[in-house]
Amino acid sequence: MTIKQYFQQDKATVGVVAVLLSELLPALLLWAVLTILGESPAGHIRWFAGAALPALLVVRAYAKHKECLSATKGAIVTLFATFLIFMLFLLKTHTI
């Protein structure tokens, strides 16, 4: 099974994996760039909110396919949960 075939399946776990990967990869890239530039990633924690933008595009892509309802539901729930966790973390650390 190729990666393309995996992400075309209609399973909730596929939507969860797609959203988590689409949030994790930009966050790791931002972390690496900040570390290379000598900046503290903890000092720029609000910048990591931008990692949710690719996840929104993934949710939109799954929502456009009418036959992928389970994957869409999994993607929406995961995006909401990760966004809520991030906002609670920002509130707890008093960065907003």
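Residues numbered from 1 in each chain as written. Predicted model: local features only at pLDDT ≥ 70, side-chain atom pairs only at ≥ 80, totals over all residues. Heavy atoms only, no water.

### Section: the packing of helix α3 (residues 52–64) against helix α4 (residues 69–92)
- At their nearest, the axes of α3 and α4 sit 9 Å apart, and the two run at 160° to each other. Relative to α4, α3 is oriented roughly antiparallel. As α3 packs across α4, the resulting crossing turns out to be left-handed. Across from Ala52, Ala55, Leu56, Val59, Tyr62 and Ala63 in α3, the residues of α4 making contact are Ala71, Thr72, Ala75, Ile76 and Leu79.
- Across the contact of α3 with α4, the residue classes tally to 10 nonpolar, one polar and no charged. (Axes fitted to C-alpha atoms, helices over the stretch in contact; angles between N-to-C directions. Helix = DSSP H or I, 4+ residues; strand = E, 2+ residues; numbered from the N terminus. Parallel < 35°, antiparallel > 145°, perpendicular 65-115°, else oblique. Left-handed = near helix turned anticlockwise from the far one by under 90°. Contact = heavy atoms within 4.5 Å. Nonpolar A, V, L, I, M, F, W, Y, C, P; charged D, E, K, R; others polar.)

### Focus: the nonpolar core
- Membership of the largest hydrophobic core is limited to 11 residues, which are Val14, Ala18, Val19, Ala55, Val58, Val59, Tyr62, Cys68, Ala71, Ala75 and Leu79.
- Elements represented by at least two residues in this core include exactly α2 (12–36), α3 and α4.
- Within the second largest apolar cluster, seven residues are counted, among which are Ala27, Leu34, Ile45 and Phe86. (Core = buried A, V, L, I, M, F, W, Y, C linked by side-chain atoms within 4.5 Å. Buried < 20%, exposed > 50% of the residue type's maximum accessible area, 1.4 Å probe, protein only.)

### Topic: the environment of Phe48
- Its location among the elements puts Phe48 in the loop between α2 and α3.
- Given a relative accessible area of 12%, Phe48 falls into the buried group.
- Along the primary structure Phe48 and Leu24 are separated by 24 residues, whereas in three dimensions their C-alpha atoms are 9.9 Å apart.
- Residue contacts for Phe48: discarding those within four places in its chain leaves Ala27, Leu30, Trp31, Leu34, Pro41 and Phe86.

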